Amino acid sequence: MTITSWSPEVLLINPVEGAPGTRGKESAPARYVDTIPPSFLYGLFHHTFPAEPTYYTMLAGQTRAAGLTTELVDGYCHRLDENELTRVVQMFDTPIYCFAIFHNTIEQALRIAKVLKERDPDAVIVFGGAYASPLWKTLVAHEQVDYVVVGDGEISLVELCKAILRDEGDPKKVRGIAWDDGKNGRLTPPAPIMDLDSLAFPVRDLLPLIREYGHGVSMYSSRGCGFAKCSFCYLLPYQAVALQPKWRARSAENVVDEMEYLYREHGVTRVTFVDEDYFGDNGESGVGRALRIAELLIERGIKMNYYVNSLVKSLVFLAKKQEPLDLLARSGLDTVFAGFESTSTNRLKSYTKPQRPEQYGLVISELAKRNIRINLGMITFDPTMSVDELKANVELAEEMRYYDLYFFTRTLVDFEQTPLGASNMSREGYDDLLQIFTRPSSEPSNALPMAASHGSINWYQEVASQHEFVGKRYEDAKVATTFQAMRLYASLLFDVVAPLCASEREIVLAHRDAIIENHFDAFWRCVTWAEQLDEFPSQFDIETWVLSQLPRVHAIFEGEAGTLDWFKRPKELVPGMGWA
């Protein structure tokens, strides 16, 4: 780690993300991008992965611009599991510790904050971020949390830190701040809406690590979503509590100024935009701005590839006009995350998505003509879906030749603050399901569903409760069976390829393609098996079926295991929509 000061005024802490089905070194959860060899991902999306914690780097840019010494510790970039992260942050002599949380880092952040508070009761603990804002009442009820920043943090956090450290006002009167008043919590009026062009550029402390890992450098060019109605999305409750507009953006000139700085001063040739919705609306402020960015990149001779997140409705608009897509491709756009979410009209209606499945073909074909790859946004599994809807989701991915290791385990996550989450959680018996599913204990390994190594399975204590939770949560037993089996299969497949993570060599394309095709085949075999069952099978039956599939995976490397004959140095992959 490269730290300028071990006694900063502000320390920004980003716990490593973890979720059931993902595993990292030893017992530590890890982001899914770190659970399979980079060679699997170079041709897919490894180089676009937004590993840089952009929210933190933007906050640090503002706090430093305000004269506050600030350091960042990032669980992923610094390769720190929870125990290591807890140890490292205790090495700092810092008055203010800040955590921006996600749904799968809340518990970890609270545990680390508790350790910090026990060590130094006078330390100030601040939580914030888009997931924290709607949960401010829940968070301030924890004795280790002093404040929650609600809404954008650039103004509120700077004002809060100055009030605490420089006696510049009352901390509890800072705009956009929540705290525990001993009753139901107190929330101040929101901070004013910022002109995004007025913000300092993000700090780039982590840039050397990002480039070493081969990921894209992250940037924000806008905030919010031009649609902002999807029933499962965290933006709805976030914008409501923080009184944020649906979508706002930096000017094209300001965005390209930062890209030019990265290109000319740091030699950066790839940027991943982490905007929730890069194109915003289909008017001049949205698509028009994106096209102006493209024009400026060409005019200034900035030879940079970039990745954006988009709604399908924006891609349909661009695909019908075609010429804008040509301009975007010429300027360096080569990958788009597209929120298809489902191939089912009924599912799309329940998600309040502004698209139709019959529009997907146009988007796929027009992007393919320009060698713009699609990173598929798909809710593969939904608790209320039918098995036919599940199969249609996978068929689309297979037709697009899209793959990542956890595509077959993606499931809808219920957030109580969203319309769809509230609806699902109001179903009869849902509270009983939550009692079945025990939250992770203080030991990180207990948060993981299984540990498997070449056919020898050791189940952690939580697997039985998880199995019962899935069986009761899913309305269709065939869908529940497939989900559980594919989750275990992904874990076992990881064990086959995990030893390659330590190698700097590449997997030849033939082996990579064989593993991918085998994963799709395993899904179809699993669905066929599940459709023959009358009820949700036992944990043992699922384990037995998955183990029966292992020989097919090992056969890929038969006669070559233990040798380096099938390794090759990095080679250029064939461009296209997927892995071929």
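Residues numbered from 1 in each chain as written. Predicted model: local features only at pLDDT ≥ 70, side-chain atom pairs only at ≥ 80, totals over all residues. Heavy atoms only, no water.

**Q** Any chance you could break down the nonpolar core for me, citing the residues and the numbers?
**A** Grouped together as the largest cluster of nonpolar side chains are 94 residues, with contacts concentrated most on Phe273, Phe279, Tyr306, Leu328 and Phe340. With 10 residues, helix α19 (residues 477–497) is the single largest residue contributor to this core. Within the second largest apolar cluster, 29 residues are counted, among which are Val73, Ala123, Ala132 and Val148. (Core = buried A, V, L, I, M, F, W, Y, C linked by side-chain atoms within 4.5 Å. Buried < 20%, exposed > 50% of the residue type's maximum accessible area, 1.4 Å probe, protein only. Helix = DSSP H or I, 4+ residues; strand = E, 2+ residues; numbered from the N terminus.)

**Q** Could you give an account of helix α21 (residues 539–554), naming the residues involved and the relevant values?
**A** Taking 1.5 Å as the rise per residue, α21 with 16 residues should run 22 Å; its terminal C-alpha atoms sit 23 Å apart, in good agreement. Among all positions of α21, only Ile542, Glu543, Trp545, Val546, Gln549, Leu550 and Val553 are buried. (Expected span 1.5 Å × (residues − 1).)

**Q** Please set out the sheet that holds strand β4 (residues 124–128) residue by residue, giving values where relevant.
**A** Overall, mixed pairing links the 7 strands, which are arranged β2-β1-β3-β4-β5-β6-β7 in an open sheet. Only two strands of the sheet have a single neighbouring strand rather than two, namely β2 (70–74) and β7 (186–187). Relative to β7, strand β6 (residues 177–179) is paired through 2 bridges, and the arrangement is antiparallel. Its bridge partner being in β7, Ala178 is matched across the sheet by Leu187. Across the sheet, helix α4 (residues 106–119) touches β1 (10–14), β3 (96–100) and β4, and the angle it forms with β4 is around 165 degrees. The strands that helix α6 (residues 153–166) touches are β1, β3, β4, β5 (147–149) and β6; relative to β5, the one it contacts most, it runs at about 150 degrees. (Pairing = 2+ DSSP bridges. Contact = heavy atoms within 4.5 Å. Axes fitted to C-alpha atoms, helices over the stretch in contact; angles between N-to-C directions.)

**Q** Could you give an account of the pairing of strand β13 (residues 333–341), with specific residues and numbers?
**A** With 8 of 9 residues buried, β13 is to be regarded as a mostly interior element. Here strand β12 (residues 305–310) pairs with β13 via 5 bridges, running parallel. Bridge assignment links Asn309 to a residue of β13, and that residue is Phe337. Sheet analysis places β13 next to strand β14 (residues 373–378), joined by 5 bridges and oriented parallel. Looking at β14, one finds that Phe337 is bridged to Asn375.

**Q** I'd like a description of the packing of helix α11 (residues 312–321) against helix α12 (residues 323–331), backed by residues and values.
**A** At their nearest, the axes of α11 and α12 sit 5 Å apart, and the two run at 105 degrees to each other. Here α11 lies roughly perpendicular to α12, going by the angle between them. Packed against α11, whose contacting residues are Leu318, Ala319 and Lys321, the element α12 presents Glu323, Pro324, Leu325 and Leu328 at the interface. Looking at the contact of α11 with α12, its residues break down into 5 nonpolar, no polar and 2 charged. (Parallel < 35°, antiparallel > 145°, perpendicular 65-115°, else oblique. Nonpolar A, V, L, I, M, F, W, Y, C, P; charged D, E, K, R; others polar.)

**Q** Let's hear about the side chain of Gln108: which residues, and what values?
**A** Counting through the fold element by element, Gln108 comes out in helix α4. Residue classification places Gln108 among the buried residues on the basis of a relative accessible area of 8%.

**Q** Help me get a handle on the environment of Asn371, residues and values and all.
**A** Of note, Asn371 is situated in the loop between α14 (360–369) and β14. Distance in space between the C-alpha atoms of Asn371 and Thr335 is 8.5 Å, their sequence separation being 36 residues.

**Q** Outline the confidence of the model for the protein, supporting the account with residue identities and numerical values.
**A** In this model, the protein carries a mean pLDDT of 82, and residues with pLDDT of at least 70 account for 80%. In this model residues 501–506 is a low-confidence stretch, pLDDT under 50, and it forms 15 contacts with partners more than four residues away in sequence or in other chains. (pLDDT = per-residue confidence, 0-100.)

**Q** How would you explain the packing of helix α2 (residues 54–65) against α6 if you had to name every residue and give the values?
**A** The contact between α2 and α6 brings their axes to 9 Å, and the two run at 50 degrees. Classified by the interaxial angle, the pair formed by α2 and α6 is oblique. At the point where α2 passes α6, the crossing takes the right-handed sense. Between α2, through Tyr55, Met58, Leu59, Gln62 and Thr63, and α6, the contact on the second element is made entirely by Gly153, Glu154, Leu157 and Val158. Tallied by class, residues from the contact of α2 with α6 come to 5 nonpolar, 3 polar and 1 charged. (Left-handed = near helix turned anticlockwise from the far one by under 90°.)

**Q** How would you summarise the environment of Val150 if you had to cite specific residues and measurements?
**A** Locating Val150 in the fold gives a position in the loop between β5 and α6. Residues Val150 and Pro190, 40 residues apart in the sequence, show an inter-C-alpha distance of 7.5 Å.

**Q** Got a sec to walk through the side chain of Thr409? Specific residues and values, please.
**A** Here Thr409 shows up in the loop between α15 (387–400) and α16 (419–425). The class of Thr409 is buried, set by a relative accessible area of 15%. Those residues in contact with Thr409 that sit more than four places away from it in its chain are Phe381, Phe483, Met486, Arg487 and Ala490.

**Q** Help me get a handle on the pattern of salt bridges, residues and values and all.
**A** Overall, the coordinates contain 28 salt bridges when judged by the stated rule. The residue Arg111 makes a salt bridge to Glu82 at a minimum N-O spacing of 2.8 Å. You can see Arg111 sitting in helix α4 and its partner Glu82 sitting in helix α3 (residues 82–89), a full 29 residues away along the chain. The class for Arg111 is partly exposed, based on a relative accessible area of 23%. Arg292 is the salt-bridge partner of Glu253, the closest N and O atoms lying 3.7 Å from each other. Of the two residues, Glu253 sits in helix α9 (residues 252–266) while Arg292 sits in helix α10 (residues 284–299), which places them 39 residues apart along the sequence. With relative accessibility at 35%, the residue Glu253 sits in the partly exposed group. Salt bridges here are not isolated pairs; linked through shared partners, they connect Glu52, Arg204, Arg250 and Glu258. (Salt bridge = Lys/Arg side-chain N within 4 Å of Asp/Glu carboxyl O.)

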